Amino acid sequence: MKKLIVYQDDSCPMKHACKALEGKWKIPVIYVLCVNGTLRYNELKQALGITNVMLSNTLKDLEQEGLIVRISYNEIPPRVDYSLSKSAQGLIPIMNAFARWGATRMTDLDPVSSMFGQEILEKQK
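Residues numbered from 1 in each chain as written. Predicted model: local features only at pLDDT ≥ 70, side-chain atom pairs only at ≥ 80, totals over all residues. Heavy atoms only, no water.

**Considerations on the sheet that holds strand β2 (residues 68-73)**
Remark on secondary structure: sheet strands pair via backbone hydrogen bonds, oriented parallel or antiparallel. Rules: We treat two strands as partners when DSSP finds at least two bridges between them. Per the convention used, a helix needs a DSSP run of H or I reaching at least four residues, while a strand needs a run of E reaching at least two, with both numbered from the N terminus.
Spatially, the three strands line up as an open sheet ordered β1-β3-β2, and their pairing is antiparallel. Bordering the open sheet on either side are β1 (39-40) and β2, each of which pairs with just one other strand. Of the strand pairs in this sheet, β2 and strand β3 (residues 79-84) are connected by six bridges, and their pairing is antiparallel. Bridge pairing in β3 places Val-69 opposite Ser-83.

As structure tokens, this is what we get:
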């Protein structure tokens, strides 16, 4: 008899991965950093259309999970850069595949709006 993979078990790798990425804004932040590379706080905020509180909390969570790196420079005015950690760089092919799936889904649902998705995918190549 086949052994069931139980999502509830703490030993389930998918549960661990989902826990690291749970929340409304974690995947979008990681995607924007995948596509754009290192960004400053306001660049992330502009790219996402997110409030200061939500972005700040999401960045703190991602840093605690070891998925982003925060580099603060001792300058005036203060400058802080955010980038993907080495661990999160393993998500780049997954994010690209997820974006391709989204573009296909857009085409299936609305062929006119899918042109925007195709443009983004072309830039990633």
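**Focus on the packing of helix α1 (residues 13-21) against helix α2 (residues 26-36)**
The condition is simple: To define axes, lines are fitted to C-alpha atoms, for helices over the stretch in contact only, and angles between the resulting N-to-C directions are given on a 0 to 180 degree scale. If an angle is under 35 degrees, it is roughly parallel; if it is over 145, roughly antiparallel; if it lies from 65 to 115, roughly perpendicular; otherwise it is oblique. We call two residues in contact when some of their heavy atoms are within 4.5 Å. Residues are grouped as follows: Ala, Val, Leu, Ile, Met, Phe, Trp, Tyr, Cys and Pro are nonpolar; Asp, Glu, Lys and Arg are charged; all remaining types, including Gly, are polar.
Between α1 and α2, the least distance of the axes is 8 Å, while the angle of their chain directions is 80°. Here α1 lies roughly perpendicular to α2, going by the angle between them. Listed contacts from α2 to Lys-19, Ala-20 and Leu-21 of α1 are Lys-26, Ile-27 and Ile-30. When grouped by side-chain class, the residues that make up the contact of α1 with α2 number four nonpolar, no polar and two charged.

**Overview of the environment of Ile-27**
To keep things clear, this is the line we draw: Residue exposure (1.4 Å probe, protein chains only): buried if accessible area is under 20% of the type maximum, exposed if over 50%, otherwise partly exposed.
Take Ile-27: it is sitting in helix α2. A relative accessible area of 30% places Ile-27 in the partly exposed class. Setting aside its immediate chain neighbours within four residues, Ile-27 contacts Leu-21 and Met-95.

**Here we look at the packing of aromatic side chains**
As a reminder of what qualifies: Each aromatic pair joins two rings of Phe, Tyr and Trp (for Trp, the six-membered one) with centres within 6.5 Å, and gets the label stacked for planes under 30 degrees apart, edge-to-face for over 60, and tilted for any other angle. Charges are assigned to positions over rings by a cutoff of 6 Å between ring centre and Lys NZ or Arg CZ, combined with an angular limit of 35 degrees from the ring normal.
According to the stated counting rule, one finds one aromatic pair in the structure shown. Between Phe-98 and Trp-101, the ring centres sit 5.8 Å apart and the planes meet at 15°, which makes this aromatic pair stacked. Residue Phe-98 and its partner Trp-101 are located together in helix α6 (residues 92-109), separated by three residues, close to a single helical turn. We note Arg-79 situated over the ring of Tyr-73; from NZ or CZ to the ring centre the distance is 3.7 Å.

**A closer look at the side chain of Thr-58**
Of note, Thr-58 is situated in helix α4 (residues 52-64). Discounting residues that sit within four places of it in the chain, Thr-58 has contacts with Trp-25, Lys-26 and Val-29.

**Examining the pattern of salt bridges**
The test is simple: Note on definitions: salt bridges are taken to be side-chain nitrogens of Lys or Arg within 4 Å of carboxyl oxygens of Asp or Glu.
Counted according to the given criterion, the structure contains four salt bridges. Among the salt bridges present, the one from Lys-19 reaches Glu-22, with a minimum N-O distance of 3.0 Å.

**Some points on unusual backbone geometry**
Residue Ile-76 is joined to Pro-77 through a cis peptide bond whose omega torsion reads 0°. Relative to the assigned elements, Pro-77 resides in the loop between β2 and β3.

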